[in-house]
Every structure is written in C-alpha cells, then in structure tokens.
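What follows is each chain in one-letter form.
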Amino acid sequence: MVVPADWQVVDLSTDPHACVRFDRPAVYLGRPGDEPWCPTDPVGRTAGLIIEPIDAVATDRLTADTAVTARGRATADRLTSRDDAIQVAVRDAGVLVTAVHTRDTEAAVRRVLATASLGRDATPASPDTVQPAPTSAPVTMAAAGPQPGTYTGKGFDTCTAPSQSTMDAWRASSPYRAVGVYISGSSRSCAQPNLTATWVTNQTNNGWRLIPIELDYQAPCGTRTPKMSYDPATARSQGAARATSAVTAAQALGIPAGSAIYSDIEHYPSSESCRAAVLSYLSGWTERLHALGYLSGMYSSGSSGVRDLCGAYNDSRYTRVDHLFFGWWNGVADTDAGDYCPDAYYANHQRIHQYTGDTNETWGGVRIYIDRDYLDVSAGATPPPAFSVTVDNSTTGRFTASANWGTSTYSSQRMGPDYRFATPVSASDVAWYKADLPATASYEVSVWYPTNSGYNDSTPYIVATTGGNQSVRVNQRVNGGQWVSLGVFTLAAGDGDKVGVSRWTSGTGYVVADAIRITRV
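Report follows, based on the coordinates. (Residues numbered from 1 in each chain as written. Predicted model: local features only at pLDDT ≥ 70, side-chain atom pairs only at ≥ 80, totals over all residues. Heavy atoms only, no water.)

### Brief notes about the overall build of the chain
Scanning the chain from N- to C-terminus turns up seven helices and 26 strands. The buried share of the chain, reckoned over its 521 residues, is 53%. Total accessible area on the chain stands at roughly 21,100 Å², and carbon and sulfur atoms take up 49% of it. Placing the 41 positive and 49 negative side-chain charges of the chain at their respective mean positions leaves the two points 4 Å apart. (Helix = DSSP H or I, 4+ residues; strand = E, 2+ residues; numbered from the N terminus. Buried < 20%, exposed > 50% of the residue type's maximum accessible area, 1.4 Å probe, protein only. Areas by Shrake-Rupley, 256 points an atom, 1.4 Å probe, with all protein chains shown as cover. Lys, Arg positive; Asp, Glu negative; His and termini not counted. Charge placed at Lys NZ, Arg CZ, Asp CG, Glu CD.)

Written as structure tokens, this is what we have:
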C-alpha cells in the first residue's frame, strides 16, 4: 500500500501507550493498546490507517459496511464509508484495514486503498473470522436504560473510549461514575477500537453512565472543520442530517431512545451571523433528535456557544436544546455556569459542567488523560414528536379568502405559484389558513410574504390561540422572501382556521397573504 511520504508510521507493538489519533496523517500497525495515553484536545481529523490482524477482537468491530476482499486480492471494488471511516477485511493477508478520512480527504484515502497488494509472506485469515454483521441484524447488546439517565456526581471525558480493564480499574477506585464517549462525527480525532455495543452494555451494567457525544460540524467563524453553513436554513438542515447519523451510531451501540446526544461545537469567536448559524444548526439537531425519540444536548465553551445558547433561551426563532454541557475550567465541581448562563436556564437537572481539562489521573494503577465533569442530569420524558406544517395560499382546501382578494405572480419572493393581495378596509375580511394540529401545545407561528414599497407597513396577522384571537402586525415592506416569526402561541389540537391575514388596518399599501408555517416547540 502506497501512502504519502509525510504520513507518520507507528508500530503499536513497540509502544503499548501510543494514542491512535488522526489529527495528523498516520499509519498505525498492530492493535491499539489497552491503555493509550491520549490527549483530550487533539484538533479535528485529517486522514490515516489502522492495519491490525484479523482475530476475535477485530471481528467484533466488523459491520455490514465492511468490505471483504476476494481470494487473491488486496483491494475491494465497493467501499462504503460509514461515519467517515472505510473498513476493508483483506482475507488473504489476514488484516483489517480501517481508513479514516474527512469530507475533503476521502478521495485521497480511497486512492491509497486502491494501491494495496498482497505480499509474499501474507497469511490468510480463517474464513470463519471474516463474517461482517448482516445489514438487518439487530443489536443484541444494549445499554441499561437511557444515557446518561438520572445522575448527580462526577464524570470524565477522554479522546478514546478506555478498555474494559481500564474501566474496571477506575470503577473500583476512582470517584467517577460517568464517562463521555465520542460516538460519531467526522471531526473526531481519536480511534475508537473499544467502542462497541458489547462495551456499552458492559459499562452500563457495571454502573457507569455514558455521555454520548457527536463531534462534527463546527461554527462557520471558527478554526475547526468541517464548518457548518453561514446560511441559517442550510445550517438547520445540516443539524438535522447530523442528528440522523448520530442516532444511527447510537442505535448501533445499543444506546436507546430517551438518551441525550450532545453536539460538540468547540470555541469560536462569536458574531451575529455566526451565532445565527450555530443556533439554527442546533435547532435542526434538536428537532430531528426529538422526532427520533432522543433528547438533545450541546457542548461548548462558556464564552462562545454557551453564552450564545443561553442568550437565545427565550428566542422563538430557535428550538431549545434539552441539556447544556459547558466547558468552564474554574476547577469547581458543580453546575454553576457563572455569567455564561443564568441559573434559571437549564435548571431542571439539565446540566453538565466540564470544570477541569487536560489532566492526567491514575486510579487502580491505570493512567488516563481526561477532562473532569460534574453532572446533574435527569432522563426526563421522551420528547414529543417534532411537528411542522406549512400552508401556502395555493394549498388545496387549506386557504380561504373572499373575492376581494386578488391573485398575483408579480414578486419573485413569493412561495408557491402565486400569492393573494387586497386593499385595506375598515371591515372584517380575513384570509384564513387552516391546519390540523396533533395536540394542544406551544407552537411557533411564522409567515412568508414578498416585500414591495407598495405593500402594507402594518399588516395584521391573526393567530387563533386557545385564549382567543391575538393580532400581530408586520411591516410587509421589509424582510420578505423568508420566514418571519410572529412568536410562540398555545394552539388547540385539531383541524381548523389557525392563522389569518386581515384587511382591517390603518397602514397603507396592499396587505399580502402568501404562506404560513406552524412548528411545535
């Protein structure tokens, strides 16, 4: 196999404490040791390979996506990347090759894998050991309930999930009972040779609580990669896509619904546009996790992501995460976030404080490089399914208006084929949008309209809440061609007129009715 000349080559058999890390390009030969000395702060991922013998230990990590080479070959025709890693079981060489990459380095890694050839002294593996799990195979091991569940006390996080012997030693002698594990994401720097469904089952059965962490998209204004989009709508969809991948990873490890998964967004120099991107990303992350039955969390530094998140705690434009995991290295084992987040926010057993970082600790004769955490968390209820409905003026059976409302295709900012307009009048003539809501609950109501200097500067939108109609006035001369939030309201379950546009206004210019969106929060 031909690798670039600047890739480091590490023989793991000569250094049992070597950390398999991919923040720098490297090739690791042999099996990772049980006690790797990994830093907690490697930055991101580049590319690299682990080449280890195929035996009972390695086969526990084979998945349905693992490519198996044909007899006489060292390469496979179809290579599937799962969470930015490609696995190839080279049958006639008796080795399992794990190739990690990023979105930018995947093509280069595939070219390296294509150069593999069989050496003269290659030793074939037993056919019985090269049996990837079938695609439909259920996870037979599972965590002992949602993670981290209900727990108050100390925990730690580290770059790579420790071995079973290390976890046993620390369980017997350390003050820690929770451990952060990086379950998914293309920005993870360290290999996870121990992190399997069996490992998850064993630790939770032994009383450990797990903090499942995803490390992928980062703030667009920061230095870490990959970066989420500055565009809020795109960032929101990226957050939702990553939530789906994180749940897939969690389920493969036996981490069940009801668990919280924490999106790790490292420190960034906040700005208005960057803050909007991060909060939109977390909104998509949270909404999709809720739809899949999981709770959402966010890890970040107190001075950037945490301050931004708590500053938007009551901002109806964003969906609030369920758990806050904040980095503030003040050395105090509690969940007080100082002036980064008010005590009243995330106050119902929803906090984890990373209070010290980059620390070597030894318990039971085993050393790990860790960050120290203090948890006050509760499993809580499984979140309600996400719900959002968009109704356009052209949606069949969902919009009604009198003959006084005209139809226009003038503005390119419209949603759908056209929109409706009418002149102001001191009389009740409301254009209504109908929606069928699954439950009486809090919903954010947003509206879409095109802008024009001839449109109304005080258009009355009517929201049919459980406490009666509420009117919100919008200047339709600005902010067109995008969703504009009217706020969060309690709306009744069932099918009926939920949002209207009235002509009764003292403002000047046409009132416009185009589209509305109702989202459960």
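### Describing the environment of Arg275
Tracing the backbone through its elements, the reader meets Arg275 in helix α6 (residues 272-291). For Arg275, a relative accessible area of 29% puts it in the partly exposed group. Measuring from C-alpha to C-alpha, the distance between Arg275 and Ser184 comes to 24 Å, with 91 residues separating the pair along the chain.

### Things to note about the sheet that holds strand β19 (residues 431-437)
Strand order across the open sheet formed by five strands is β16-β19-β24-β21-β22, with antiparallel pairing between neighbours. Two strands bound the open sheet, and with one partner strand each, they are β16 (399-400) and β22 (468-474). Sheet analysis places β16 next to β19, joined by two bridges and oriented antiparallel. In the sheet register, Phe399 faces β19, and the bridge partner there is Tyr433. (Pairing = 2+ DSSP bridges.)

### Thoughts on the pattern of salt bridges
Applying the stated criterion across every chain, the model contains 20 salt bridges. Asp23 is paired through a salt bridge with Arg21; the nearest N and O atoms lie 2.7 Å apart. Across the pair, Arg21 and Asp23 agree in class, each one buried. The partner of Arg275 in a salt bridge is Asp308, with the nearest N and O atoms 3.8 Å apart. (Salt bridge = Lys/Arg side-chain N within 4 Å of Asp/Glu carboxyl O.)

### Quick word on the sheet that holds strand β17 (residues 406-408)
Reading across from one edge, β17-β18-β25 is the order of the three strands in this open sheet, with antiparallel pairing throughout. Edge positions in the open sheet fall to β17 and β25 (511-513), since each of these has one partner strand only. Between one strand axis and the next, the sheet turns by 35° as a mean value, whatever way the strands run. Pairing between β17 and strand β18 (residues 419-422): three bridges, direction antiparallel. (Axes fitted to C-alpha atoms, helices over the stretch in contact; angles between N-to-C directions.)

### Regarding the nonpolar core
Ranked by internal contacts, the top residues of the largest apolar core, which has 56 residues, are Trp170, Trp199, Ile261, Leu282 and Leu324. Broken down by secondary-structure element, the contributors of at least two residues to this core are α3 (164-173), β8 (178-184), α4 (197-205), α5 (232-252), α6, α7 (302-311), β12 (323-327) and β14 (366-377). Not counting the four nearest positions on each side in its chain, Trp170 is found in contact with Phe156, Tyr176, Arg177, Trp208, Glu361, Trp363, Val366, Ile368 and Ile370. Val391, Trp405, Val445 and Val499 belong to the second largest nonpolar core, which has 30 residues in total. (Core = buried A, V, L, I, M, F, W, Y, C linked by side-chain atoms within 4.5 Å. Contact = heavy atoms within 4.5 Å.)

### So, the side chain of Gln87
As for its placement among the helices and strands, Gln87 is situated in strand β5 (residues 85-90). Residue Gln87 is classed as buried on the basis of its relative accessible area of 15%. Polar side-chain contacts of Gln87 include one of 2.7 Å to the side chain of Thr66. Setting aside its immediate chain neighbours within four residues, Gln87 contacts Arg61, Leu62, Thr63, Asp65, Thr66, Ala67, Leu96, Val97 and Thr98. (Polar contact = N/O pair within 3.5 Å; in protein donor to acceptor, adjacent residues only side chain to side chain.)

### Details of the pairing of strand β20 (residues 441-448)
For β20, a buried count of seven out of eight residues is recorded, marking the element as mostly surrounded by other parts of the structure. In terms of strand pairing, β20 meets strand β23 (residues 484-491) through seven bridges, oriented antiparallel. Bridge pairing links Glu444 to Val488 in β23. Where β20 meets strand β26 (residues 515-520), six bridges bridge the pair, whose relative direction is antiparallel.

Purely geometric numbers; function is a separate question.
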